Amino acid sequence: MDKRDFYSLLKAVPKAEIHLHQEAVPERKIINKLYKKCSGREMTEAELNNLFSYSDLEGFLQSFMSVQRMFTEEKDLRFIIDALDSYVAANNIVYAETFFAPSSLLKKGFDFTYSINILTKGFKKIKEKRGCTIKTIVDVSRSFGLENAQHNLDLVLHEKNPEIIGIGLGGSETFGPARDFASVFDNAKKAGLHTVVHAGETEDSWSMKDAINLLHAERIGHGTSAAYDEEFIKELAATQLPLEVCPTSNLFTKKYVKELKDHPVKQLFDKGVFITINTDDPSFFKVSLIDEYWNIYSVLGFTLENIKKIIKNGFRASFISQEEKDDYCAKVDEAWDAWFESHPKAARE
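Treat the numbers as computed from the prediction; the structure is a model and nothing was measured.

Definitions and cut-offs
Residues numbered from 1 in each chain as written. Predicted model: local features only at pLDDT ≥ 70, side-chain atom pairs only at ≥ 80, totals over all residues. Heavy atoms only, no water. Patch = residues over 30% accessible without salt bridge, like charges linked within 9 Å, V, L, I, M, F, W, Y side chains within 5 Å. Areas by Shrake-Rupley, 256 points an atom, 1.4 Å probe, with all protein chains shown as cover. Salt bridge = Lys/Arg side-chain N within 4 Å of Asp/Glu carboxyl O. Lys, Arg positive; Asp, Glu negative; His and termini not counted. Charge placed at Lys NZ, Arg CZ, Asp CG, Glu CD. Helix = DSSP H or I, 4+ residues; strand = E, 2+ residues; numbered from the N terminus. Buried < 20%, exposed > 50% of the residue type's maximum accessible area, 1.4 Å probe, protein only. Pairing = 2+ DSSP bridges. Axes fitted to C-alpha atoms, helices over the stretch in contact; angles between N-to-C directions. Contact = heavy atoms within 4.5 Å.

**Structural notes on a positive patch on the surface**
Among the surface-exposed residues, Lys-75, Arg-78, Lys-121, Lys-124 and Lys-125 lie close enough to one another that they form a single positively charged patch. The greatest single-element share of the positive patch, amounting to three residues, is contributed by helix α7 (residues 112-130). Topologically, Lys-124 is positioned in helix α7. Taking the relative accessible area as the measure of exposure, Lys-124 reaches 47% and is therefore partly exposed.

**Thoughts on the sheet that holds strand β1 (residues 15-21)**
An order of β1-β2-β3-β4-β5-β6-β7-β8 is seen for the eight strands of this open sheet, with the pairing classed as parallel. The strands lining the two open edges of the sheet, one partner per strand, are β1 and β8 (275-277). Neighbour-to-neighbour, the strand axes of this sheet turn through a mean angle of 25°, independent of strand direction. Both β1 and strand β2 (residues 93-100) contribute to a ladder of five bridges, which runs parallel. In the strand pairing of β2, Lys-15 is matched with Ile-93. Set on the sheet, helix α5 (residues 78-91) makes contact with β1 and β2; between it and β1 the angle comes to about 145°.

**As for the pattern of salt bridges**
Within the structure shown, the criterion is met by 19 salt bridges. The salt bridge partner of Lys-129 is Asp-85, with a shortest N-O separation of 3.0 Å. Taken as a pair, Lys-129 in helix α7 and Asp-85 in helix α5 lie far apart in primary sequence, 44 residues in all. Judged by relative accessible area, which is 12%, Asp-85 ranks as buried.

**Concerning the side chain of His-198**
Take His-198: it is sitting in strand β5 (residues 194-199). Judged by relative accessible area, His-198 falls into the buried class, the value being 5%. Sequence-distant contacts of His-198, that is, excluding residues within four places in its chain, are made with His-19, His-21, Phe-99, Arg-142, Leu-169, Gly-170, Glu-173, Gly-221 and His-222.

Keep in mind these numbers describe shape, not what the thing actually does.
Okay, structure coming up:
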């Protein structure tokens, strides 16, 4: 299938995205507005290019935090709402589980309750407008240590906001290994929250194993290094614990993958590992969800049927009821078949 038809098909099919950082969705023009609001002037083209230039995960994290610093008051979070509204519409995303990282914002004086209320009210408006449900996973953050992570969890537990469905552990797994945060995730699990962990992005499979065994991870963000541990691949295939794979993000961090053609996601998929496809940080990596599906189709040899299965996996891996999962998957089939009926010359392969 050529690119034009592929994008038409994928735009017609409802999708889920379950590894998406809220602060990394705003496009450059929105980031420039934020910068102007906090500094009194617009960024130059060179400054914008420099902000989005990095050669490894640490460089990316520094840029991510630079953008976070542009949020100077809780009301600035409305820029995230505007960006998500455009993003889900452009990619026909009907369900999303998104990360919110409050640590640096809280340190500058943001009120957690006020911040969450702004976000959740905005997400409800998006649902009314687009029919897209957006839930929040609070990133307790490796970057600020154990005490800060527990503080973030305490805020979540006190809030009791049903739109917050779990906690996650993002940031550098090299400098904040999962095992250091076991007590926080024990407490979250006891409280009934879902738990997800970034792992296998820049460290070998031991990091993923710790995330599963010590942090009760229900999904693994990235999981790239699993491809280099055959016994662990068999374990993942047996347990069907989902991986939130973000192909373009992995190219930028350059730990295991330097070119898309070398990404091991097809190898993992073919060996029975539960794969979902996500963008991670679309504005930072200049990629949309539909772009990512095109990338794995056009470069890595995924078939159209593989693509449809992975789209359904996005819903099946999400933290919703089985009835909702079945309903979303049925709508994928309906939209898929309807597109081909209206494009009789397009090959199903």
